[in-house]
Amino acid sequence: MTLEDHSEVVGLPSDSDYLDAVDPRITAAEALLVYYPQFKHCLKRIEKCFRLSGVTAEPPCLAIVGESGMGKTTIMNKFASLHPRKIHKEGEEIPVLLASVPSKPTVKALVEALLYELGDPLYMRGSAEEKTTRLIHLTKSCRVRLILLDEFQHFVDSANRNVAHEVADWLKRTIDKARVAVVVFGLERCTEVFKANKQLRGRFSARVLLKPYDWNDRDSRTAYRAFLKAVEKQLPVPVSPRLSSLDLAYRFHYASAGHIRPTMKVIRGAVQEAVETGQKQLGLDIFAKVFASEVWNDSDCKINPFTKAFDAEPEPTTEVPEEARETTSKIKKNNKKSMSEILKK
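Computed from a predicted model, the values in this text were never measured in an experiment.

Engineer: Can you lay out the environment of serine 158 for me, pointing to particular residues and giving the numbers?
Structural biologist: Here serine 158 is to be found in the loop between helix 7 (154–157) and helix 8 (163–178). Separated by 53 residues in the primary sequence, serine 158 and proline 105 have C-alpha atoms spaced 6.8 Å apart. With residues up to four places along the chain from it excluded, the contact list for serine 158 reads Pro105 and Val163.

Set out below in structure tokens:
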């Protein structure tokens, strides 16, 4: 299993004095975007909903779910950027309407969020029913073909047990009247909303589950290393050892539990640290420093995986791959040698 060599660096705007003062290597690292297999699969599934909107008997719907840190919001924003808003003589065209479910969710609050994104200056005025009527009118006049809703699990997390039922009924009715495709993003538990309405459950039967990379699965492990290899190809600062090397990839997996966000947070933070301190390449010392200051407090790691102490750790939380299992016993017997030294043998 390999990853296609498909990655992209998207430039950030530099029209402010602040951005002008930032080293371009830092902005390049922040804007780096790798089209890894799960990312591309999600874009294709969303694109299918977008193309079939207004064509199929029922507007196509999709739920993209997964743990926090797996890139759901990045996928959503990237797709929206592929279909930007356009200004015409007769008004604004909004092919993709993007909004986040409020942390204190109600049907009224969701409608307000959608109206705000549509540019309605009176988005807070009127009852939920009146706002819904305006929403349907504006989606048609703005030629909206797809609605993307982030943080959909907020409806399940609400203390009000009736909210899930209310939003399920509202969403089903609104989809039917507006005739637009809808894709929701959230933690896996957000699918509980669909159970509140049998017809809505049928609409959202298509789902994509974003899973963290599993180090103990050979294909998943290879995919994670391929992801790191694609990232390294676009980094503005060299890395030693290579990100995709067995030793360093294992350390990154331990640090991130196979999630995209913490992986990239360490890498981007390391680039910033290297640039600001004048170091010419990224290495374990920089990764260790960034992990300790930026990621460790939000992880379950008992030890910093980029330090020498980790080399001597006899029983790491995450199993080493099969091809390196034999080395585990050697590490236990001889803590003087690093994991990287043993793996090279």
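Engineer: Account for the nonpolar core, naming residues and giving values.
Structural biologist: Ranked by internal contacts, the top residues of the largest apolar core, which has 67 residues, are Ile46, Leu146, Leu243, Phe252, Leu282 and Phe287. Element by element, the count of residues in this core is highest for helix 12 (residues 260–277), at eight residues. Residue contacts for leucine 282: discarding those within four places in its chain leaves Leu235, Val237, Pro238, Val239, Ser240, Ala270, Val271, Ala274 and Phe287. Formed by 37 residues, the second largest nonpolar core is a distinct cluster that contains Ala63, Leu138, Ala164 and Phe204.

Engineer: Break down the sheet that holds strand 8 (residues 181–186) for me, with residues and values.
Structural biologist: Strand order across the open sheet formed by five strands is 6-7-8-3-9, with parallel pairing between neighbours. Each edge of the open sheet is held by one strand with a lone partner, namely strand 6 (96–100) and strand 9 (207–210). Averaged over all neighbouring strand pairs, the angle between strand axes comes to 15°, with direction disregarded. Of the strand pairs in this sheet, strand 3 (residues 61–66) and strand 8 are connected by five bridges, and their pairing is parallel. Paired with alanine 63 across the bridge in strand 8 is valine 184. Helix-sheet contacts for helix 3 (residues 37–52) involve strand 3, strand 6, strand 7 (146–150), strand 8 and strand 9, and the interaxial angle to strand 9 is about 160°. Across the sheet, helix 5 (residues 107–117) is in contact with strand 6 and strand 7; its angle to strand 6 comes to roughly 135°.

Engineer: Describe the pattern of salt bridges, with residues and values.
Structural biologist: Applying the stated criterion across every chain, the model contains 13 salt bridges. Here arginine 85 and glutamate 92 are joined by a salt bridge, their closest N and O atoms 3.7 Å apart. Residue arginine 85 is classed as partly exposed on the basis of its relative accessible area of 38%. Glutamate 90 serves as the salt-bridge partner of arginine 143, at 3.3 Å between the closest nitrogen and oxygen. Here arginine 143, found in the loop between helix 6 (128–141) and strand 7, pairs with glutamate 90, found in the loop between strand 4 (86–88) and strand 5 (91–93); they are 53 residues apart in sequence, far enough to count as distant. Each member of the salt-bridge network shares a partner with another, and the members are Glu58, Lys172, Asp176 and Arg203.

Engineer: Break down the side chain of histidine 83 for me, citing the residues and quoting the values.
Structural biologist: Mapped onto the fold, histidine 83 is located in the loop between helix 4 (72–82) and strand 4. Relative accessible area serves as the criterion here: at 16%, histidine 83 is assigned to the buried category. A distance of 3.0 Å separates the side chain of histidine 83 from the side chain of glutamate 47, its partner in a polar contact. Setting aside residues up to four positions removed in sequence, histidine 83 forms contacts with Glu47, Phe50, Pro95 and Val96.

Engineer: Before we move on, could you go through empty space enclosed by the protein and cite the residues and values that matter?
Structural biologist: Inspection of the entire model under this criterion finds two cavities of 30 Å³ or more. By volume, the largest cavity amounts to about 60 Å³. Lining of the largest cavity is provided by Leu110, Leu114, Leu135, Ile147, Leu149, Trp170, Leu171, Thr174, Ile175, Ala178, Val180 and Val182. Looking at the lining of the largest cavity, the elements with two or more residues in it are helix 5, strand 7 and helix 8. By residue number, the principal contributor to the lining of the largest cavity is helix 8, which donates five residues. Within the lining of the largest cavity, the residues separate by chemical class into 11 nonpolar, one polar and no charged.

Rules and cut-offs
- Just so you know, the residues in each chain are numbered from 1, in the order the chain's sequence is written.
- Since the coordinates come from a predicted model, pLDDT governs what is reported: local features require at least 70, and pairs of side-chain atoms require 80 or more to be given and counted, while whole-chain, interface and lining totals use all residues.
- Hydrogens are left out, water is left out, and the side-chain values use all remaining heavy atoms of the structure.
- Counting from the N terminus, the helices are DSSP H or I runs at least four residues long and the strands are E runs at least two residues long.
- Any two residues whose heavy atoms approach within 4.5 Å at even a single point are treated as in contact.
- For the purposes of this section, nonpolar cores are sets of buried Ala, Val, Leu, Ile, Met, Phe, Trp, Tyr and Cys residues that join through side-chain atoms within 4.5 Å.
- For every residue, the accessible area (1.4 Å probe, protein chains only) is compared with the maximum for its type, and the residue is labelled buried under 20%, exposed over 50%, or partly exposed between those bounds.
- Any two strands with at least two DSSP-identified bridges between them are counted as paired.
- As a rule, the C-alpha atoms of each element are fitted with a line to give its axis, helices using only the stretch in contact, and angles between N-to-C directions run from 0 to 180 degrees.
- The rule for a salt bridge is simple: a side-chain nitrogen of Lys or Arg has to be within 4 Å of a carboxyl oxygen of Asp or Glu.
- Polar contact is defined as a pair of N or O atoms within 3.5 Å, subject to the rule that within protein one atom must be able to donate a hydrogen and the other to accept it, and that residues adjacent in sequence are counted only when both atoms are side-chain atoms.
- Method remark: on a 1 Å grid restricted to protein atoms, a set of points is classed as a cavity if a 1.4 Å probe fits but cannot get out and as a pocket if it is open with protein on both sides within 12 Å along at least five of seven lines; lining residues have an atom within 4 Å of a point.
- Grid points are joined across faces, edges and corners, and a volume is the space filled by probe spheres set on the points.
- Residues are grouped as follows: nonpolar covers Ala, Val, Leu, Ile, Met, Phe, Trp, Tyr, Cys and Pro; charged covers Asp, Glu, Lys and Arg; every other residue, Gly included, is treated as polar.

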